[in-house]
Amino acid sequence: MKRLILPSALWLGMMFAFAMGSAAQARELPDFTELVKQAAPGVVNISTSRTVERRSAASLHGFGGQDIPEIFRHFFGDQFGDRLPSPDNGRGQSQERQSLGSGFVISEDGYILTNAHVVEGADEVLVRFNDRRELAAEIVGSDSRTDIALIKVDADDLPTLELGDSENVEVGAWVAAIGSPFGFDHSVTAGIISATNRTLPRDAYVPFIQTDVAINPGNSGGPLFNLDGEVIGINSQIFTRSGGFMGLSFAIPINVAMDVADQLRDEGHVNRGWLGVMIQPVSRDLAESFGMQKPSGALIADLDPGGPAAQGGLQAGDVILEVNGQDVERSSTLPRLIGRVSPEDEVTLSLLRDGQEVTENVTLGSWPDSDRKQPQGRHETASQTRLGVSVSGVDEALRERLNIEGGVQVREVERGSVAARAGVKSGDILVSVDQQSVDSASELADIVEALPADRAIPLRLYRDGRSLFVALRID
């Protein structure tokens, strides 16, 4: 076999092209060195302590009454110091627990942003700066719904970080984080923005920025930077099955955080608008049943009888499409838009009602201190309908407790029936079918008898004291 011999000029040209390509690729990768030099002084380590009732070492650590193994003292001794319990300390005494987190300075006179869960329940908060100074901090205020806390140290001329605009972040952009994972101060990690406007369970008010930046315990409350060195988010949560980083990190947008911080500084608490509705997503079948071209908006499943929505003329079954001209792309968008509006301010809502678009102006209220819970009830008079369910009447006492008019209660659901395929369950209270009120079993049968075949039909029901819609389809 003959060897292929390239001319020297061609060989040199190929090597030059390869070198140039490698250099170009290297130039495209971000360099975070200057960013870190400028930003590091404004990033702080936060440690907190609180006093809790001491239990025995055996019950606290599960070592069967034996002393804590030396390996645990080796790894956790720096964090807990001499406050680790020992078996002979007895019961009923008190001890201090410490937690670690991160934060960053937003004003020269000592205001610092972090996560609410970092300082939650703390008796003492200690802030350590990049120059090794340690200062005690007071908690100005915290907001659990957005997981934002504002703390303050008594100091002047502190190094601050430049804040960006989280509305302008784009998926794929490079970002970096500085924090104290596992207590390792001022650790730097980098990655890209994976997604924006992420909704997480129990966090309806935060449109999270998702990244693949390595975030671990101790990073909470630290800043997320863009390539211009501006803070665009506060690292808050990770998705993990192991307790450590698995490629999914979530940051609170800085615009959301600063709005909360300003209210905490000025008022000591956060005021956010309250509409007084219970909402659910609009599925494809529900969209068809309402005559919508595509599933979007927030479907009102129920209203607080004394809430702003009920007083403003909104109804169960309305689909909220816009708030002050801003699209409600999905149900999770609505709490964010409403939460940005101050109580007592008026919002203009674009709704879909009975197939027609209507507009309602509603004056928002203040978020109540606690959620109202509605009780349940049961009545036992059976009656059959074509839906494949056995239903009963609802007595007046139960209707009054649930604050409903009419309705029938489902006792049994036939397997494979129309109702079963729609998700109807035993115990549900059916209050309307195809936006027609149901007051009795016979009335339900008449309504179902007249329904068109092979079309999605909205059915409103109460389950566990809460209202929701399902879509059923008559064969």
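Notes on the structure in this doc start here. Everything quoted here is computed from the prediction, not taken from an experiment.

## Description of the overall build of the chain
Here is step 1: Scanning the chain from N- to C-terminus turns up 12 helices and 27 strands.
Here is step 2: The proportion of buried residues among the 475 residues of the chain is 47%.
Here is step 3: A fraction of 61% describes how many contacts in the chain between residues 6 or more apart in sequence connect residues 24 or more apart.
Here is step 4: When the accessible surface of the chain is summed, it comes to about 24,900 Å², and 47% of that surface belongs to carbon and sulfur atoms.

## A short note on the pairing of strand S5 (residues 134–143)
Here is step 1: The pairing of strand S4 (residues 124–128) with S5 spans 4 bridges and is antiparallel. When the bridges of S5 are listed, Arg-128 appears paired with Glu-134.
Here is step 2: The hairpin formed by S4 and S5 contains 5 residues between the paired strands, and Arg-132 there has a positive phi angle of roughly 75°.
Here is step 3: In this structure, S5 lies alongside strand S6 (residues 148–153), joined through 6 bridges in antiparallel fashion. Paired with Gly-141 across the strands is Leu-150, a residue of S6.
Here is step 4: What sits between S5 and S6 in their antiparallel hairpin is a turn of 4 residues, with Asp-147 showing a positive phi close to 60°.

## Quick word on the pattern of salt bridges
Here is step 1: On inspection of all chains with the given rule, the structure shows 15 salt bridges.
Here is step 2: The partner of Glu-360 in a salt bridge is Arg-353, and the shortest N-O contact between them spans 3.4 Å. The pair formed by Glu-360 and Arg-353 is uniform in burial state, with each residue classed as buried.
Here is step 3: The salt bridge involving Asp-428 is made with Arg-463; its shortest N-O contact spans 2.7 Å. Of the two residues, Asp-428 sits in the loop between helix H11 (418–422) and strand S24 (429–433) while Arg-463 sits in strand S26 (residues 456–463), which places them 35 residues apart along the sequence.
Here is step 4: By sharing partners, the salt bridges in this structure join Arg-128, Arg-132, Glu-134 and Asp-185 into a single network.

## Section: the side chain of Ser-102
Here is step 1: Along the chain, the position of Ser-102 falls in strand S2 (residues 94–105).
Here is step 2: Its relative accessible area of 0% is what places Ser-102 among the buried residues.
Here is step 3: Residues within four places of Ser-102 in sequence aside, it is in contact with Val-44, Ile-46, Thr-114, Gly-179, Ser-180, Gly-218, Asn-219, Ser-220, Gly-221 and Gly-222.

Criteria and cut-off values
- Residues numbered from 1 in each chain as written.
- Predicted model: local features only at pLDDT ≥ 70, side-chain atom pairs only at ≥ 80, totals over all residues.
- Heavy atoms only, no water.
- Helix = DSSP H or I, 4+ residues; strand = E, 2+ residues; numbered from the N terminus.
- Buried < 20%, exposed > 50% of the residue type's maximum accessible area, 1.4 Å probe, protein only.
- Contact = heavy atoms within 4.5 Å.
- Areas by Shrake-Rupley, 256 points an atom, 1.4 Å probe, with all protein chains shown as cover.
- Pairing = 2+ DSSP bridges.
- Salt bridge = Lys/Arg side-chain N within 4 Å of Asp/Glu carboxyl O.

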